[in-house]
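What follows is each chain in one-letter form.
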Amino acid sequence: MTPRELFIQATYLAASVLFILGLKSLTRADGARRGMNQAAFGMLLAIVGTLVNHEIVRYDWIIAGLLIGTVIGYPLGLFVPMTAMPQRIAISHMFGALAATLVGIAEYYTSMSHGGVEGPKMAALGFEVVFGALTVSGSFMAFGKLQEFISGRPVTYPGQNVMNIGLFAATLAIFAFLIANPGHPFLFYTMVVLSLTFGFLLVLPIGGADMPVVISLMNSYAGLASAATGFAIGNNVLIIAGALDGASGFILSIIMSKAMNRSFGNILFGAFGSAGGLASTKTATGLTVRPISIEDAAIQLAYAQHVIVVPGYGLAVAQAQHQVRELADLVEKNGGDVKYAIHPVAGRMPGHMNVLLAEANIPYDKLKEMEEINGAFTNADVALVIGANDVVNPAARNDPSSPIYGMPILNVDQAKHVIVMKRSMNTGFAGIENELFYDPKTSMLFGDAKASLTKLVAEVKNV
Amino acid sequence: MTGIAIIELYVFVLAGFVGYLVITKVPPLLHTPLMSATNAISAISLVGSLVAAGADRNRVSTILGFVAVTAATINVVGGFLITDRMLKMFKREDRPPQVKP
């Protein structure tokens, strides 16, 4: 090993260690920033190490790419609003997978013009471009649906599953053939195109509310594509970083699918997102809801000792996080305490709601995850549900015929009083009636969450 | 299968195992920063892109490498910046919240 080789490998090893330490720092909110800065430093080391590689003989295109990437990446890092985080992450999965796919194609092309590709390398390249290409198109679709330039509704047509599975099987068949006979460029590029098409079709039938699972899955695939790149070019730091990313996305998809009451097999085969079509088994006939005035709600909150706020996606849509914080400050000034019950799928990606509330300056020790807070509802004077529906539906616990039966929910129905802020009596995305709304201790506060909260704040001040 | 390929497989499996152990300990509170962090870290595929763009092997490799360098750099720069921006917002109660400018 030459000194230069040694230096390069040392930077890669240091980068790998710093990446793992960086992820480890994310197990606690304190110190996480420093850990991630170290990981960023590791990345810098690896880049410097690569640039002194003797294989690199020209720097014009490299400098151009680094400059353009920085110019695009900088605003994507600093100016994208926190509410847009899901689509921002989706598009970055696309960029990551795009890089892996293109490197794979370049590697195949170069090897073919230098006497061909060996079987094992073909296997690595195949994984790289198949995972990469389907992540590129799948993430683009997820981005489009979240950004809403593609309809967020599930798009279905007859024979969809058969077609998708057929397409995927064809891709795999070509892949298997190529491992045995790598010298068929036409088949290689066909495989890339098929995989790209499969990514589009895979995400097409998935509705906006299921995006947390899709984003997590794409996170995992992008990581696996990076790891495969490492196998193809024989680079351990890529393998390590890709494996970390792949594991992370995989774990998050399992957590998300459990929180949504979907089996993981269901997700892997892409047959999800059609739950919206299930009919409600319980109807609201004969039941009445109790609307509440702003004044009465304000009085309840002003004299409450223990308040639990249950934020849902409706809160994020209404951009009312700061109003929630103002209201909580007033309750605390009156001697009460306020906690936030965060369901794992509140928001459009894992952990999204926590970020939105942290942005509104709500201290993170008040943000409680489901298992931690569920026991505290019996003691809560008021549970304030803002724009959440299915995640507080008791049917998940006590109605075996309900489509969401078995889904873990927040035990809001155990609180002494419940105030539900909601635009209208429309059902949630699963199209199911929520008996919580008809519970005698539940009061409904209809209207836009932001407007209602602003009025509530003014009213609580007057109490 | 060559000896090197076997070692690479070991690295992959063990790194995945480390990832599993570490990431299951990350609280749901930080799942969004976790995802943006792993996304930034996996942009290490930039290393492969740099070689493709700079080794001057053929025009196809150079051009595809250039696009890949651009895409990966977007994730490196944007990914670490946005992760830091999110982590910066998470504050404890006992520390007084910073005054907004």
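This one's a predicted model, so the numbers in the text were calculated from it and none came from an experiment.

(A) Representation of the overall build of chain B. The secondary structure content of chain B amounts to four helices and zero strands. In chain B, the order of α-helices and β-strands from amino to carboxyl end is α-α-α-α. Computed over its C-alpha atoms, the radius of gyration of chain B comes to 19 Å, more than 25% above the 13 Å expected for a compact globule of 101 residues. Within chain B, the proportion of its 101 residues that are buried is 61%. A sequence separation of at least 24 residues applies to 57% of the contacts in chain B between residues at least 6 apart.

(B) Focus on unusual backbone geometry. Unusually for a residue other than glycine, Gln319(A) sits at a positive phi of about 55°. Summarising the element assignment, Gln319(A) is placed in the loop between helix H12 (313–318) and helix H13 (321–333). Among the residues examined, Gln319(A) registers 14 C-beta atoms within 10 Å and is labelled partly exposed. The phi dihedral of Asp56(B) falls on the positive side, at around 55°, and the residue is not glycine. Here Asp56(B) shows up in the loop between helix H3 (46–54) and helix H4 (59–89). For Asp56(B), a count of 15 C-beta atoms within 10 Å corresponds to the partly exposed category.

(C) Quick look at the interface of chain B and chain A. Taken residue by residue, the interface counts 82 residues in chain B and 98 residues in chain A. At 29 residues, the largest contribution of residues to the side of chain B that touches chain A is made by H4(B). In the side of chain B that touches chain A, the residues fall into 48 nonpolar, 24 polar and 10 charged.

(D) Seen up close, the packing of helix H11 (residues 294–302) of chain A against helix H17 (residues 449–462) of chain A. All names here are of chain A. Orientation of H11 relative to H17, taken along the N-to-C sense of each, is 60°, at an axis distance of 9 Å. If you check the angle between H11 and H17, you find them oblique. H17 is crossed by H11, and the crossing has right-handed handedness. Where H11 abuts H17, its residues Ile294, Glu295, Ala297, Ala298, Leu301 and Ala302 lie against Ser452, Lys455, Leu456, Glu459 and Val460. In terms of residue class, the contact of H11 with H17 is made up of seven nonpolar, one polar and three charged.

(E) Expanded view of the domain arrangement of chain A. All names here are of chain A. Domain boundaries assigned for chain A yield domain 1 (80–275) and domain 2 (294–462). Each of domain 1 and domain 2 was reduced to a C-alpha centroid, and the two centroids are 36 Å apart. Opposite the 19 residues of domain 1 that make contact, domain 2 presents 19 residues. Counting only elements with at least two residues in the side of domain 1 that touches domain 2, the list comes to helix H4 (85–112), helix H8 (211–233) and helix H9 (236–259).

(F) Main features of the nonpolar core. With 195 residues, the main nonpolar core has Val310(A), Ala383(A) and Val385(A) as its most contacted residues. Summarising the domain contributions, this core has at least three residues from each of domain 1 (80–275) and domain 2 (294–462) of chain A.

(G) View of the environment of Ile62(A). Along the chain, Ile62(A) turns up in helix H3 (residues 60–78). On the basis of neighbour count, Ile62(A) is assigned to the buried category, with 23 C-beta atoms found within 10 Å. Expressed as a C-alpha distance, the spacing of Ile62(A) and Asp245(A), which sit 183 residues apart in the sequence, is 25 Å. Excluding its chain neighbours within four sequence positions, the residues that come into contact with Ile62(A) are Leu50(B), Ala53(B), Gly54(B) and Val69(B).

(H) Focus on the environment of Val103(A). Mapped onto the fold, Val103(A) is located in helix H4. Taking the number of C-beta atoms within 10 Å as the measure of exposure, Val103(A) has 38 and is therefore buried. Taking the C-alpha atoms as reference points, Val103(A) and Val129(A), 26 residues apart in sequence, are found 8.7 Å from one another. Setting aside chain neighbours within four positions, we find Val103(A) in contact with Thr229(A), Ser45(B), Gly48(B), Ser49(B), Ala52(B) and Ala68(B).

(I) Spotlight on the sheet that holds strand E3 (residues 367–369) of chain A. All names here are of chain A. Across the sheet, six strands lie side by side as E3-E2-E1-E4-E5-E6; this open sheet has parallel pairing. In the strand order of this sheet, the two ends are held by E3 and strand E6 (442–446), each with one partner. Across this sheet, the average inter-strand angle for adjacent strands is 25°, counted without regard to direction. Note that strand E5 (residues 417–422) and E6 share five bridges and pair parallel.

The rules we used
- Residues numbered from 1 in each chain as written.
- Chains lettered and ligands numbered in written order.
- Predicted model: local features only at pLDDT ≥ 70, side-chain atom pairs only at ≥ 80, totals over all residues.
- Helix = DSSP H or I, 4+ residues; strand = E, 2+ residues; numbered from the N terminus.
- Rg over C-alpha atoms; globule rule 2.2 N^0.38 Å.
- Buried ≥ 20, exposed ≤ 12 C-beta atoms within 10 Å, placed from the backbone.
- Contact = placed C-beta atoms within 7 Å.
- Nonpolar A, V, L, I, M, F, W, Y, C, P; charged D, E, K, R; others polar.
- Axes fitted to C-alpha atoms, helices over the stretch in contact; angles between N-to-C directions.
- Parallel < 35°, antiparallel > 145°, perpendicular 65-115°, else oblique.
- Left-handed = near helix turned anticlockwise from the far one by under 90°.
- Domains from an automatic or database assignment.
- Core = buried A, V, L, I, M, F, W, Y, C linked by C-beta atoms within 7 Å.
- Pairing = 2+ DSSP bridges.

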